[in-house]
Amino acid sequence: MSLPRSLAEAVAADAASPLQPFRARFALPEGVIYLDGNSLGALPEQTVARTADVVTREWGERLIRSWNEADWIGAPQRIGAKIADIVGAAPGSVIVADSTSVNLFKLIVAGMRAQPGRTEILTEPGNFPTDLHIAEGVASLLPGVTVRTVEAGEIAGAIGPQTAIVLLTHVHYKHGARHDMAALSAAARAAGALSLWDLSHSVGAVPVALDADGADMAVGCGYKYLNGGPGAPAFLYVREALQRRLDSPITGWMGHADPFAFGDGYAPAAGVSRFLAGTPSVIAMLALESGVDLFLDAPREALFARGAALFNLFVARMAMLLPELVCVTPRAAGARGSHVSFRHADAFPIMQALIERGVIGDYRAPDILRFGLTPLYVGLADVWRAVDVLAEVVGSGVWREPRFSVRGVVT
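In this text the structure is predicted, and so the values were computed from the model without any measurement.

Help me understand a nonpolar patch on the surface, please; the structure alone is not making it clear to me.
A cluster of nonpolar side chains, namely Val55, Trp59, Leu63, Ile64 and Ile283, defines an oily patch on the protein surface of about 490 Å² accessible area. Structurally, isoleucine 64 is set in the loop between α3 (45–59) and α4 (66–69).

Where do I start with the packing of α3 against helix α10 (residues 282–297) in this structure?
In a pair of packed helices, the angle between the axes and the distance between the axes together describe the arrangement. Between α3 and α10, the shortest axis-to-axis distance is 9 Å and the interhelical angle comes to 145°. Note on packing geometry: the crossing formed by α3 with α10 is right-handed. Facing Gln46, Thr47, Arg50, Thr51, Val54, Val55, Glu58 and Trp59 of α3, the residues of α10 in contact are Ile283, Leu286, Ala287, Ser290, Gly291, Asp293 and Leu294. Here the residues of the contact of α3 with α10 are counted per class, giving 7 nonpolar, 5 polar and 3 charged.

Explanation requested: the environment of alanine 139 in the structure shown.
Residue placement: alanine 139 occurs in helix α7 (residues 129–141). Residue classification places alanine 139 among the buried positions, given a relative accessible area of 16%. C-alpha separation for the pair alanine 139 and valine 109, spaced 30 residues apart in sequence, amounts to 9.1 Å. Setting aside chain neighbours within four positions, we find alanine 139 in contact with Val145, Thr146 and Val147.

What is the right way to look at the sheet that holds strand β13 (residues 368–372) in this model?
Strand order in the open sheet formed by 4 strands is β9-β10-β13-β12, and the pairing between neighbours is antiparallel. What marks the edges here is a single partner per strand, and that holds for β9 (326–327) and β12 (362–364). In the packing of helix α11 (residues 300–321) onto the sheet, contacts are made with β9, β10 (339–343) and β13, and the angle to β10 comes to roughly 20°.

What should I look at first to understand the pattern of salt bridges in this one?
Oppositely charged side chains can pair when the atoms bearing their charge come close. Across all of its chains, the model carries 27 salt bridges by this definition. If you follow the salt bridges from partner to partner, you end up with Asp71, Arg78, Lys82, Glu289 and Asp293 in one network.

Please explain unusual backbone geometry as it appears in this structure.
Across the chain, the bulk of peptide bonds are trans and the bulk of non-glycine residues have phi less than zero. Backbone torsion omega between alanine 365 and proline 366 reads 0°, so that peptide bond is classified as cis. In this structure, proline 366 sits in the loop between β12 and β13. One non-glycine residue, aspartate 98, adopts positive backbone phi at about 55°. Tracing the backbone through its elements, the reader meets aspartate 98 in the loop between β2 (94–96) and α6 (100–113).

Teacher, can you tell me more about the nonpolar core here?
Within soluble globular proteins, side chains that are nonpolar generally end up buried alongside one another. Within the largest apolar cluster, 92 residues are counted, with the highest numbers of intra-cluster contacts made by Val87, Leu210, Phe314, Phe371 and Leu376. Among the elements that take part in this core, helix α13 (residues 380–396) stands out by supplying 10 residues, more than any other. Excluding residues that lie within four positions of it along the chain, leucine 376 makes contacts with Leu19, Phe22, Arg23, Phe26, Asn227, Leu294, Phe295, Ala298 and Leu303. Among the nonpolar cores identified, the runner-up in size contains 31 residues, and Ile95, Ala110, Val138 and Leu236 belong to it.

Would you mind going over the pairing of strand β3 (residues 120–123) with me for this structure?
For a regular strand, side-chain orientation follows a simple rule: the groups alternate between the two sheet faces. A two-sided burial pattern is seen for β3, the buried positions comprising Glu120 and Leu122 on one face and Ile121 and Thr123 on the other. In this sheet, strand β4 (residues 146–149) lies alongside β3 in parallel orientation, the contact comprising 4 bridges. Across the sheet, residue threonine 123 finds its bridge partner in β4, namely threonine 149. The handedness of the β3 to β4 crossover, carried by α7, is right-handed.

Whenever I open this one, the domain arrangement of the protein confuses me. Can you help?
Interfaces are often sized by the amount of accessible area the parts lose when they come together. What the domain assignment lists for the protein is domain 1 (7–43 + 299–405) and domain 2 (71–297). Averaged C-alpha coordinates put domain 1 and domain 2 at centres separated by 29 Å. Across the domain 1 to domain 2 interface the summed buried area is about 2,300 Å²; carbon plus sulfur atoms make up 56%. A per-residue breakdown of the area domain 1 buries against domain 2 is headed by Arg300, Phe304 and His339, which together make up 23% of the total. Among the salt bridges present, the one from aspartate 297 reaches arginine 25, with a minimum N-O distance of 3.0 Å. If you look at where domain 1 meets domain 2, you find 18 residue pairs in polar contact (both at pLDDT 80 or more). Contributions of two or more residues to the side of domain 1 that touches domain 2 are made by α11, β10 and β13. No other element matches the 3 residues that α11 contributes to the side of domain 1 that touches domain 2.

Before we go on, may I ask you to explain the packing of aromatic side chains in this structure?
Given two aromatic rings, one states the distance between the centres and the angle between the planes to describe the pair. A complete count under the given rule lists 11 aromatic pairs for this structure. Taking 4.9 Å as the distance between ring centres and 85° as the angle between the ring planes, the aromatic pair formed by phenylalanine 128 and tyrosine 173 counts as edge-to-face. With a gap of 45 residues between them, phenylalanine 128 in the loop between β3 and α7 and tyrosine 173 in the loop between β5 (163–169) and α9 (181–190) connect regions that are remote in the sequence. Through pairs of rings, three or more aromatic residues link up here, namely Phe26, Tyr34 and Tyr377. The ring of phenylalanine 311 is capped by arginine 336, whose NZ or CZ atom sits 3.5 Å from the centre of that ring. One residue, arginine 407, lies across the ring of phenylalanine 348, its end atom 3.9 Å from the ring centre.

Criteria and cut-off values
Residues numbered from 1 in each chain as written. Predicted model: local features only at pLDDT ≥ 70, side-chain atom pairs only at ≥ 80, totals over all residues. Heavy atoms only, no water. Patch = residues over 30% accessible without salt bridge, like charges linked within 9 Å, V, L, I, M, F, W, Y side chains within 5 Å. Areas by Shrake-Rupley, 256 points an atom, 1.4 Å probe, with all protein chains shown as cover. Salt bridge = Lys/Arg side-chain N within 4 Å of Asp/Glu carboxyl O. Helix = DSSP H or I, 4+ residues; strand = E, 2+ residues; numbered from the N terminus. Axes fitted to C-alpha atoms, helices over the stretch in contact; angles between N-to-C directions. Left-handed = near helix turned anticlockwise from the far one by under 90°. Contact = heavy atoms within 4.5 Å. Nonpolar A, V, L, I, M, F, W, Y, C, P; charged D, E, K, R; others polar. Buried < 20%, exposed > 50% of the residue type's maximum accessible area, 1.4 Å probe, protein only. Pairing = 2+ DSSP bridges. Core = buried A, V, L, I, M, F, W, Y, C linked by side-chain atoms within 4.5 Å. Right-handed = clockwise from strand over helix to strand, strands pointing away. Domains from an automatic or database assignment. Buried area = accessible area lost by both parts, 1.4 Å probe. Polar contact = N/O pair within 3.5 Å; in protein donor to acceptor, adjacent residues only side chain to side chain. Phe/Tyr/Trp six-rings, centres within 6.5 Å; stacked < 30°, edge-to-face > 60°. Lys NZ or Arg CZ within 6 Å of the ring centre and 35° of its normal.

What follows is the structure, encoded as structure tokens:
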């Protein structure tokens with residue numbers, strides 16, 4: 001896709017895109033350019049109607065009957081099957097449950113227990129903090145288990161006979177670099193280890209092919225590119241051939257083979273359903289389903305192509321207007337996710353001044369300006385205007401005002 005050479009060309013290219021109708025399906029505030037969908041996706045209009053129906057009719061009128069009548073009970077598997085289509089997984093290998101952190105805990109413990117004699121969780125420094133924290137927590141609970149970190153480029157060679165799990169985030173949350181899932185999953189398997197991927201910045205952002213790439217396990221969140229809402233339920237994946245070997249360490253009743261028999265003893269459900277635990281948050285889960293359904297309506301090839309065009313335009317205009325801001329995201333489309341990051345020593349106050357002017361990106365310590373490029377509702381004209389505003393903010397020095405340096409909740 002050739003890049004527009006003017007704002008008018010960007011507007012025209014957006015109008016001609018098959019994705020343009022999707023922008024109207026989101027409740028976006030007037031006058032705001034939203035470039036933080038990689039932290040919290042925008043609100044789909046259909047979610048408003050869906051959740052209202054869930055609350056007023058399914059819950060309010062039908063009450064407990066909706067567990068069966070509205071298939072609340074089947075939602076984890078039903079929505080999991082839809083997400084499986086997005087991440088290139090077989091039906092029956094993805095379940096919606098809990099949070100990313102809880103799912104990481106379940107899969108790390110299950111993977112360690114399935115490989116007696118192996119004691120190492122291998123990951124990289126600077127991985128998303130919850131991944132590292134959960135791994136450290138598991139190591140504190142299981143005797144002899146350790147967490148080892150090596151730099152990204154050294155991971156394949158570092159997998160050894162003691163490695164039980166290679167734990168990696170597919171797309172890095174800060175700089176956006178993407179690991180080669182197929183190569184690293186193959187390296188783990190060749191060494192007798194299991195691969196566990198965090199897809200939180202991948203699902204809905206870039207093509208993912210879990211089965212084809214040989215991944216063993218994966219987790220991901222529902223509130224970024226899937227637009228499931230703040231704190232939306234997460235999902236987990238276990239390769240079909242591996243499911244019988246793994247048992248969840250959180251043996252809640254919803255993961256039981258026959259939960260409504262109400263027996264004292266625990267027997268795990270068949271397949272990936274054994275990784276359910278307690279009663280799910282139905283309203284949150286059905287809000288997530290609305291976001292997933294919207295994504296599934298979109299032409300996948302056009303979506304990923306537009307994401308690449310948004311990135312290329314952003315980087316090109318930044319090089320022209322703000323060459324002093326260093327892009328830390330890999331340029332090759334296959335080597336990155338769908339956000340772009342720039343380094344500046346005063347990234348925090350610059351981002352706060354930018355947000356005040358209606359361009360919402362985010363900041364990551366210590367010096368990263370990060371912009372989510374979510375092609376369902378972000379267009380080329382948004383990128384053009386956003387870089388113009390950023391150049392005005394940086395050039396004017398307005399960000400030096402003391403109020404922009406006040407630290408609080410970072411958006």
